[in-house]
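Observations on the model geometry
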Amino acid sequence: MLGPVILAASRSDKMRRFISAAPGTKQVVDRFIAGETVDQVVPVIEDAADKGLEVTLDVVGEDITTPEQAAAARDAYLELVERLKDLGLGTRAEMSVKLSMFGQSLDGGHELALANVRPVVEAAAAIGTTVTLDAEDHTTLDSMFAIHEELRKDFPQTGCVIQAYLFRTEEDARRLADAGSRVRIVKGAYKEPASVAYQDKAEIDKAYVRILKTLMQGEGYPMIGSHDPRLIAIAQELGRKAGRKLDEYEFQMLYGIRSDEHIRLAAEGHRMRVYTAYGTDWYGYFMRRLAEKPANLLFFGRSILTKG
């Protein structure tokens, strides 16, 4: 019941100011955000690599209102690419981008976002890694998929994300499950109306399994974004039935959540990638993490009360 309320608060400037000023906020934000700068996140990347983990890096920030801000977001990712080049991790350290950061919602946003994201994808390819286009709310997806298709013409390793709670996703999965594709499946973390998305958790889980089966039976590379032990076990079984080797799909989990499970899956021989966000504009990302899991909200509440 609280999830939709929290997601609504994620778009409230008043709530942003209140939560940012709360005494216990930093303690909780630090659990989910790896740092504010590239310099702070590099040791996190190196530590993950030492543990046999892979990462996908997200420079957080979604409230882009000018072309200049979109260009700054592009430059932040280009700076990240330069640092990744020095680490020499190849695809063990990739990037995730939200096209809203690259100006997608502005006038002429589709063309602007494509123009801004292309140099990031090109720079990533030059150092032997890649980029995954994150999914946002349902109104942005036609543009995201069109940009994904365009980028794959020159950079076929470019990935994208699909969300199980949307009715459209089963068809999207069938279209995307072709050779060379990289597709991350998640449940979905935006407040979507009942006209386009399942609202019941059980229905979302069922859709997730149907879509995952399509991806596993396809010719692409599935990326399972979930912390749910049941879905992880189902993914392993579907991979086995599809005849996939352990390096022919991967698991992805968020930085700061179920860290022991990251290590366990990697020790079993699975590719385990940690979605690692950093930056100063953390509010929207942080609120969606609270909405996804009540335990995160309880942890936040206790921290505020303790600090208060």
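To continue, consider the environment of Glu-36. Mapped onto the fold, Glu-36 is located in the loop between helix H3 (25-32) and helix H4 (38-50). The exposure class assigned to Glu-36 is partly exposed, which follows from its relative accessible area of 48%. Placed 243 residues apart in sequence, Glu-36 and Gly-279 show a C-alpha to C-alpha distance of 4.0 Å. Once residues within four sequence positions are removed from consideration, Glu-36 is found in contact with Tyr-278, Gly-279 and Thr-280.

Turning our eyes to something else, we now look at the packing of helix H5 (residues 67-87) against helix H6 (residues 109-126). At a minimum axis distance of 9 Å, the contact between H5 and H6 shows a crossing angle of 10°. In this view, H5 runs roughly parallel relative to H6, as classed from their interaxial angle. For the pair H5 and H6, the contacting residues are Pro-67, Ala-70, Ala-71, Arg-74, Tyr-77, Leu-78 and Val-81 in the first and Leu-112, Asn-116, Pro-119, Val-120, Ala-123 and Ala-124 in the second. Each residue belonging to the contact of H5 with H6 can be placed in one class, and the counts come to 11 nonpolar, 1 polar and 1 charged.

Charged atoms that come close allow side chains of opposite charge to pair. The final tally for this structure, using the stated rule, is 27 salt bridges. Asp-228 is the salt-bridge partner of Lys-187, the closest N and O atoms lying 3.4 Å from each other. One end of the pair, Lys-187, is in the loop between strand E5 (182-186) and helix H9 (201-217); the other, Asp-228, is in the loop between strand E6 (221-225) and helix H10 (229-241), and 41 residues separate them in sequence. For Arg-273, the salt bridge identified is with Glu-250, shortest N-O distance 2.7 Å. Of this pair, Arg-273 sits in strand E8 (residues 271-278) while Glu-250 sits in strand E7 (residues 250-254), and the two are 23 residues apart along the sequence. Put simply, Glu-54, Glu-250, Arg-271 and Arg-273 are held in one network by salt bridges that share partners.

Take the sheet that holds strand E1 (residues 54-59) next. Around the barrel, 8 strands lie side by side as E1-E2-E3-E4-E5-E6-E7-E8; this closed barrel has parallel pairing. The sheet shows a mean angle of 30° between the axes of neighbouring strands, direction not considered. Pairing between E1 and strand E2 (residues 93-97): 3 bridges, direction parallel. Bridged to Val-55 within E2 is Ala-93. Those strands touched by helix H8 (residues 169-176) are strand E4 (159-163) and E5, and its axis lies near 155° from that of E4.

Criteria and thresholds
Sequence order as written defines the numbering, with residues in each chain counted from 1. Given that the model is predicted, a residue must reach a pLDDT of at least 70 before its local features are reported, and side-chain atom pairs must reach 80 or more before they are shown or counted; all residues, however, enter totals for whole chains, interfaces and linings. The basis for every side-chain value is the complete set of non-hydrogen atoms in the structure, without hydrogens or water. Secondary structure follows DSSP: runs of H or I at least 4 residues long count as helices, runs of E at least 2 residues long count as strands, and numbering of each begins at the N terminus. For each residue, the accessible area found with a 1.4 Å probe, counting protein chains only, is set against the maximum for its type, and the residue is called buried under 20%, exposed over 50%, and partly exposed in between. Contact between two residues is taken to exist if any of their heavy atoms lie within 4.5 Å; hydrogens are not considered. Angles here are taken between N-to-C directions and fall from 0 to 180 degrees, while the axes themselves are lines fitted to C-alpha atoms, restricted in helices to the stretch in contact. Every angle not falling under 35 degrees, over 145, or within 65 to 115 is termed oblique; those three ranges are roughly parallel, roughly antiparallel and roughly perpendicular. Put simply, Ala, Val, Leu, Ile, Met, Phe, Trp, Tyr, Cys and Pro go in the nonpolar bin, Asp, Glu, Lys and Arg in the charged bin, and everything else, Gly too, in the polar bin. Any carboxyl oxygen of Asp or Glu within 4 Å of a side-chain nitrogen of Lys or Arg constitutes a salt bridge here. One bridge is not enough; two strands pair if DSSP finds at least two bridges between them.

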